[in-house]
Amino acid sequence: MPGNSPQPSALTFQPVLERIATEVAQTPGRGRPADYIPALAACDPRRFGMAVAELDGTVYGVGDWRQPFSTQSVTKVFTLALDLAREGDALWEHVGREPSGNPFNSLVQLEYENGIPRNPFINAGALVVTDRLQTRTGDAAGTLLEFLRAESGNAHLDFDRDIAASETANGDRNAALAHFMASYGNIDNPVPVLLDQYFLQCSIAASCADLALATGFLARHGIRADGSRLLSRSQAKQINAIMLTCGTYDAAGDFAYRVGLPGKSGVGGGIIAVVPGRCTLCVWSPGLDERGNSVAGVAALDRFTTLTGLSVF
Ligand code: GLU
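Procedures and definitions
- Residues numbered from 1 in each chain as written.
- Predicted model: local features only at pLDDT ≥ 70, side-chain atom pairs only at ≥ 80, totals over all residues.
- Heavy atoms only, no water.
- Helix = DSSP H or I, 4+ residues; strand = E, 2+ residues; numbered from the N terminus.
- Expected span 1.5 Å × (residues − 1).
- Contact = heavy atoms within 4.5 Å.
- Near = heavy atom within 4 Å.
- Polar contact = N/O pair within 3.5 Å; in protein donor to acceptor, adjacent residues only side chain to side chain.
- Areas by Shrake-Rupley, 256 points an atom, 1.4 Å probe, with all protein chains shown as cover.
- Nonpolar A, V, L, I, M, F, W, Y, C, P; charged D, E, K, R; others polar.
- Core = buried A, V, L, I, M, F, W, Y, C linked by side-chain atoms within 4.5 Å.
- Buried < 20%, exposed > 50% of the residue type's maximum accessible area, 1.4 Å probe, protein only.
- pLDDT = per-residue confidence, 0-100.
- UniProt positions renumbered as here; feature names shortened; annotations may be inferred.
- Pairing = 2+ DSSP bridges.
- Axes fitted to C-alpha atoms, helices over the stretch in contact; angles between N-to-C directions.

(A) Main features of helix α5 (residues 123-137). Along its 15 residues, α5 runs 21 Å from first to last C-alpha, staying within 8% of the 21 Å computed at 1.5 Å per residue. Packing partners of the buried residues in α5 comprise α3 (75-87), α4 (108-112), α6 (140-152), α8 (172-183) and α9 (191-203).

See below:
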């Protein structure tokens, strides 16, 4: 812990967030918004928001923390949790748990590994998880949306159908991944059905406050906002571990080094992070580095763990 200072009480989160926002505002270079999904390209890279949620649902925030943004791959954490809760360890026959070391939408490893994706957070793995959740629920994206609404307490969360349509129109690579895995028998549903569900899932718009709250079950060791159990303590640990090792594309090693928390990023510029037993965070700024992680988002989480000493290490 830096300087052996005591860990902050909840009341000190607000000044920490404000200090981080001031520092981030003075930092030049924000990266570039994702442009392979045309509807995301127009985002202003100078937008910045950050929220911290306590285990009891108290939320602190700064900047654009109530502004909805495109959640994209951040949703992969929630579909994984929802499927693991239903399916248990049988899921791991269909998707691995190792970092890929390749870009999130890479095809190359899949052929070597017989259509079994490396982990649930690269696109191929997320497609498998969504496919399995679709088989179990008949409505994977709707099940996810209901879960996010319940955990965030925000009944207005919804799909952004323009973003979903934009992805559908530019979705050749995800379609290729899905068809390729289907050829190995690792996809149950018709590929067009799966792609519709996956693009809807990725299109959900939510704010830093919504996502910090919705991530709370991972800090509460599997317990939902209403006190019911979604995951066993061990399953919550497993998801946090996969976030730490695979959650930030092929920069997970650098993220663990700088931030020291389980995290999951998306190309919309959002990142969620978990301090198990203590709090959850979400930061958003749409400018991305070359690996696809929010430049200001990673910097802000790096400062948060440095200033507070809150980390899993
Ligand atoms: N919908 C995006 C895709 O599948 C998600 C990518 C991401 O956020 O990593 O390409």
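(B) Inspection of the site of the ligand at higher detail. What surrounds the ligand is a group of twelve residues, the closest being Y36, Q72, S73, E167 and Y249. Interatomic distance of 2.6 Å between a side-chain N/O atom of Y249 and an oxygen atom of the ligand. Note that an oxygen atom of the ligand is positioned 2.8 Å from one of the backbone N or O atoms of V267. Contact with the protein chains removes 99% of the 300 Å² of surface that the ligand exposes when unbound. Per-class residue counts for the shell around the ligand are six nonpolar, five polar and one charged.

(C) Quick peek at the nonpolar core. Of all hydrophobic cores here, the largest spans 65 residues; its most connected members are F78, L218, L231 and I239. At seven residues, the largest contribution of residues to this core is made by α9. Not counting chain neighbours up to four residues away, the residues in contact with F78 comprise L144, F147, L148, L211, A214, T215, F217 and I272. Judged by nonpolar contacts, the second largest core, of 26 residues, contains F48, M50, V52 and V283.

(D) Broad picture of the confidence of the model for the protein chain. For the protein chain, the mean per-residue pLDDT works out to 94, and 96% of the residues sit at or above 70. Here residues 1-6 scores under 50 on pLDDT; set against residues more than four positions off or in separate chains, the count is four contacts.

(E) Seen up close, the UniProt feature "binding site: substrate" (unreviewed entry) in the protein chain. Per the UniProt record, the feature "binding site: substrate" (unreviewed entry) sits at S73, N123, E167, N174, Y198, Y249 and V267. On the secondary structure map, N123 appears in helix α5. Given a relative accessible area of 3%, N123 falls into the buried group. Examined against the element boundaries, V267 turns out to sit in the loop between β5 (263-265) and β6 (270-275).

(F) The arrangement of the environment of R97 in detail. Along the polypeptide, R97 turns up in the loop between α3 and α4. In the structure, R97 is positioned 18 residues away from G115 in sequence and 14 Å away in space, judged by C-alpha atoms. Among all residues touching R97, those that are not within four sequence positions of it are W92, R118, N119, I242 and C246.

(G) Up close: the sheet that holds strand β2 (residues 59-63). Read across the sheet, five strands follow the order β2-β1-β7-β6-β5 without closing on themselves; strand pairing throughout is antiparallel. Either end of the sheet is taken by a strand with one partner, and the two such strands are β2 and β5. Averaged over all adjacent pairs, the angle separating strand axes in this sheet is 10°, with direction ignored. Where β5 and β6 come together, three bridges link them in antiparallel fashion. Bridge pairing links K264 to I272 in β6.

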